[in-house]
Amino acid sequence: MAAPGAVLVMGVSGSGKSTVGALLASELGWKFYDADDYHPEENRQKMGKGIPLSDQDRIPWLCNLHDILQRDVASGQHVVLACSALKKVYRDILIQGKDGAPLKRDESGKEEKTAEPPQPSAATTLTSQQPQTSRQDSPPAKRLQLTEAQMASIFQQ
């Protein structure tokens with residue numbers, strides 16, 4: 001099985017997704033993004049005041065993250081993204097963008113957007129343990145399989 005273009009490490013706040021994502025990216029030799037680093041200033045101010053973000057706050061941020069992932073994957077760069085993405089709609093935006101067109105590899109092995117209707121999630125997801133009450137939707141079906149040596153290396157670090 002070919003390596004996915006992007007891996008999403010998700011989980012509730014404080015679950016260690018940024019730590020695991022950074023270590024995973026390091027182990028795989030991939031680029032790492034922490035989604036929290038890409039929040040606009042308005043979102044940062046709300047979060048700093050303890051105000052929960054609405055979908056209206058999150059959707060432009062998720063679209064920006066999708067564009068970053070699209071650019072890297074299309075150029076052949078493999079990436080790991082740490083992001084809560086607890087709702088299926090959030091994961092769909094990360095994977096398919098706002099217009100719903102999935103990523104597709106062209107003949108050269110690079111991924112590009114197509115006008116095909118959305119298919120079931122093509123992204124690979126490494127899911128952190130989440131309390132069942134926090135899980136808004138079921139996670140995508142595909143998962144990344146890590147070897148015991150890769151996991152041991154991540155946990156040793």
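Residues numbered from 1 in each chain as written. Predicted model: local features only at pLDDT ≥ 70, side-chain atom pairs only at ≥ 80, totals over all residues. Heavy atoms only, no water.

The next point concerns the confidence of the model for the protein chain. Looking at the protein chain, the pLDDT average stands at 75 and 63% of residues meet or exceed 70. At the level of individual helices and strands, the protein chain shows its lowest average pLDDT in strand β6 (residues 124–127), which scores 34, and its highest in strand β2 (residues 31–34), which scores 97. Of the regions scoring below 50 in pLDDT, residues 103–136 engages in 87 contacts with residues more than four places distant in sequence or in other chains. (pLDDT = per-residue confidence, 0-100. Helix = DSSP H or I, 4+ residues; strand = E, 2+ residues; numbered from the N terminus. Contact = heavy atoms within 4.5 Å.)

For the rest of this paragraph, the subject is the environment of Gly97. Relative to the helices and strands, Gly97 resides in the loop between α4 (88–96) and β4 (103–105). Among the residues examined, Gly97 registers a relative accessible area of 6% and is labelled buried. Along the primary structure Gly97 and Asp67 are separated by 30 residues, whereas in three dimensions their C-alpha atoms are 7.4 Å apart. (Buried < 20%, exposed > 50% of the residue type's maximum accessible area, 1.4 Å probe, protein only.)

Let us look at the side chain of Asp34. Among the secondary structure elements, Asp34 is positioned in strand β2. Nearest to the buried, unbridged Asp34 among oppositely charged side chains is Lys17, at 7.3 Å. A distance of 3.0 Å separates the side chain of Asp34 from the backbone nitrogen of Asp36, its partner in a polar contact. Not counting chain neighbours up to four residues away, the residues in contact with Asp34 comprise Ser18 and Ala82. (Lys, Arg positive; Asp, Glu negative; His and termini not counted. Salt bridge = Lys/Arg side-chain N within 4 Å of Asp/Glu carboxyl O. Polar contact = N/O pair within 3.5 Å; in protein donor to acceptor, adjacent residues only side chain to side chain.)

Side chains of strand β3 (residues 79–82) alternate between two faces, with Val79 and Leu81 and Val80 and Ala82 buried alike. In this sheet, β3 lies alongside strand β1 (residues 6–10) in parallel orientation, the contact comprising four bridges. The residue bridging Val9 from the neighbouring strand is Ala82, located in β3. The pairing of β2 with β3 spans four bridges and is classified as parallel. Bridge pairing in β3 links Phe32 to Val80. (Pairing = 2+ DSSP bridges.)

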